[in-house]
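Observations on chain architecture
Listed below are the residues making up each chain.
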Amino acid sequence: MYRITIKEGKDKAARRHHPWVFSGAIEKTEPAFTEADWAEVVTPTGFFIAYGWYDENSHIMLHLLSWDRKEKMGDSFIEHLAEEAVERRRAFFSLPDTTAFRLIHGEADFLPGFAADVYGREIRMIISSRFADHFLPVVTRKLSQLLSPSVIEAVTDKQFAGLEGLKERTRHFRNGLETKESEERDNVRFIESGLWYEVAPGRSQKSGFYCDQRDNRVLVEHYAKNCTVLDLFSYTGAFTLHALKGGAASVDAVDSSESALRHLLYQVHLNEDKGILPPASRERVTITPCDAFDYIRQVEDNKYNLMILDPPKLAKTKSALENAMKAYKDLNRVAMLKIRRNGIIATFSCSGAMTREDFRMMLAWAASDAGCEIEILHTLSAGSDHPVRLSFPESEYLKGYIIRVLK
Ligand code: SAH
């Protein structure tokens, strides 16, 4: 175990249970780093702060994991963390109309770089840290023991592979052991809030579906009756499906990914065939594969009265925030200009680097430039399977509002 001394005056965040320590806060490492291992973290005067995982090859050198001096660090501690995460989501396993949800939510579950989603009998994981890559076999073994999933598939997050020096790969685990998969698996089917979806195995966006928007989709459904809807950044159409279920007159879905849009149409068929969506739903949907920022500029005025704006993470880091704020503002400003009087916009940001205050301020600027007044109808966040850990503000990454645009 390493003994790591934090620099004088740099221990505040660590004491407040923020889990990240960067190289600039480290005074001394004993013995000198050779390979990733557990660490005891102390103040310059030698007082215990926390235990963590130390890896100089990670962009976050030290991940703090326990502030309890009596805790024993080791594989069984990691197993315990995984078990606790599952335990906290017990209620999700018996939801009547939803079989997809987040099981492990990274730092919010004290497992940095681990995201695990349940899809029916499968578990999909996204690995975004060296820590998660290292402990993947331990966590999958525990999840197998607790939940007996048909398979656990783990993919390296493309966005972090370079930063963390991880190989981009997909690994499979069955019955707690890593397997070499020889055949292509079928798509996995699941339900969310009564609608059917499928995700293809292997590399896709995130774990294949964004289950963080579950509660927000249901809310949007209630505003959709007879509306002309624009689903911008639609991906595979979960908001589109809800709008149709809520009785939308038409939905135009726009995304840069053509394969996601094709999958959207497939999912409209799937739900129409099952009688969950009203007949002729398919005829109400158009798909346009293009840049959404361009698309919205070309939209005719007053065409839509319900818009969903769910862009990808535009601010990947704090330093990228200023430019990202401009992009968010522009998107929202144009949407406010184009939407009909008293129209509804569901607008989101999934940038962890952007605070809720930033987001509201951006909306205020957009409204002022568009010359309209805004009513906030709902303040939105990710579902409770994506909890926000108060000592880790970055875990409040998804922020949204349903607003009415008064003109
Ligand atoms: N609303 C979706 C999730 C959106 S994720 C849902 O509920 O499932 C963000 C989406 O934006 C991705 O599908 C991605 O392909 C798309 N995207 C990223 N940049 C884009 C751009 N410039 N124009 C259009 N779509 C874009």
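As a starting point, this report considers the structure included with it. This is a predicted model, so every value here is computed, not measured.

Glancing now at the sheet that holds strand E12 (residues 177-179). Consider a sheet: its strands pair through backbone hydrogen bonds, and that pairing is either parallel or antiparallel. In space, the six strands of this open sheet follow the order E7-E8-E9-E10-E11-E12, with mixed pairing throughout. A single partner strand is all that each edge strand has here, and the edge strands are strand E7 (100-105) and E12. For this sheet the average axis-to-axis angle between neighbouring strands, irrespective of direction, equals 25°. As judged from the four bridges shared by strand E10 (residues 151-156) and strand E11 (residues 170-174), these two strands associate in the antiparallel manner. By the bridge assignment for E11, Glu153 is matched with His172. Seen against the sheet, helix H3 (residues 130-147) touches E7, strand E8 (114-119), strand E9 (122-127), E10 and E11 and runs at an angle of roughly 165° to E9.

Moving on, we come to the side chain of Asp231. With respect to the helices and strands, the residue Asp231 is situated in strand E15 (residues 228-232). No salt bridge forms around the buried Asp231; measuring N to O, its nearest opposite-charge neighbour Arg217 is 7.9 Å away. Only 2.6 Å separates the side chain of Asp231 from the side chain of Thr240, close enough to count as a polar contact. Not counting the four nearest positions on each side in its chain, Asp231 is found in contact with Gly237, Phe239, Thr240, Val251, Asp252, Ala253, Val254 and Ile308.

The next subject is the pairing of strand E16 (residues 250-255). Of all six residues in E16, five are buried, a share of seventy percent or more. Bridge analysis of E15 against E16 gives five bridges, and the strand direction is parallel. The partner of Val229 across the bridge, within E16, is Val251. Crossover connection from E15 via helix H6 (residues 238-245) to parallel E16: handedness right-handed.

Along its 14 residues, helix H2 (residues 75-88) runs 20 Å from first to last C-alpha, staying within 8% of the 20 Å computed at 1.5 Å per residue. Taken residue by residue, H2 has Phe77, Ile78, Glu79, Leu81, Ala82, Ala85 and Val86 as its buried positions. The elements touched by buried residues of H2 are strand E4 (37-42), strand E6 (62-66), E7 and H3.

Counting residues in hydrophobic clusters, the biggest one holds 38 residues, and the most contacted among them are Phe209 and Val229. Elements represented by at least two residues in this core include exactly strand E13 (188-192), strand E14 (195-199), H6, E16, helix H7 (258-273), strand E18 (306-309) and strand E19 (343-349). Here this core gets five residues from one element, more than from any other, and that element is H6. Excluding anything up to four places from it in sequence, Val229 contacts Ala243, Ala248, Ser250, Val251, Asp252, Tyr304, Leu306 and Ile308.

The rules behind each value
Within every chain, residues take consecutive numbers counted from 1 along the sequence as written. It should be noted that, the model being predicted, local features are given only for residues of pLDDT at least 70 and side-chain atom pairs only at 80 or more, the latter also being counted only at that level, while totals for whole chains, interfaces and linings use all residues. The side-chain figures draw on all heavy atoms in the structure; neither hydrogens nor water molecules are used. Note on pairing: DSSP must find at least two bridges between two strands before they are called paired. The numbering of helices and of strands both runs from the N terminus, where a helix is a DSSP run of H or I of at least 4 residues and a strand a run of E of at least 2. Where helices are involved, their axes are fitted lines through C-alpha atoms of the stretch in contact, as for all axes, and angles between N-to-C directions lie from 0 to 180°. Only heavy atoms matter for contacts: two residues are in contact if any of them lie within 4.5 Å across the pair. Each residue's exposure class comes from its accessible area (1.4 Å probe, protein chains only) as a fraction of the maximum for that residue type: buried when under 20%, exposed when over 50%, partly exposed otherwise. The positive count covers Lys and Arg only, the negative count covers Asp and Glu only, and His and the chain ends enter neither. Any carboxyl oxygen of Asp or Glu that lies within 4 Å of a side-chain nitrogen of Lys or Arg is treated as forming a salt bridge with it. Pairs of N or O atoms within 3.5 Å make up the polar contacts considered here, provided that, within protein, one atom can donate a hydrogen while the other can accept it, and that residues adjacent in sequence are counted only when both atoms are side-chain atoms. Whether a crossover is right-handed comes down to one check: with the strands pointing away from the viewer, does the path from the first strand over the helix to the second run clockwise; if it does, it is right-handed. Helices are assigned an expected span. That span is 1.5 Å times one less than the residue count. The definition of a nonpolar core used throughout is a set of buried Ala, Val, Leu, Ile, Met, Phe, Trp, Tyr and Cys residues joined through side-chain atoms within 4.5 Å.

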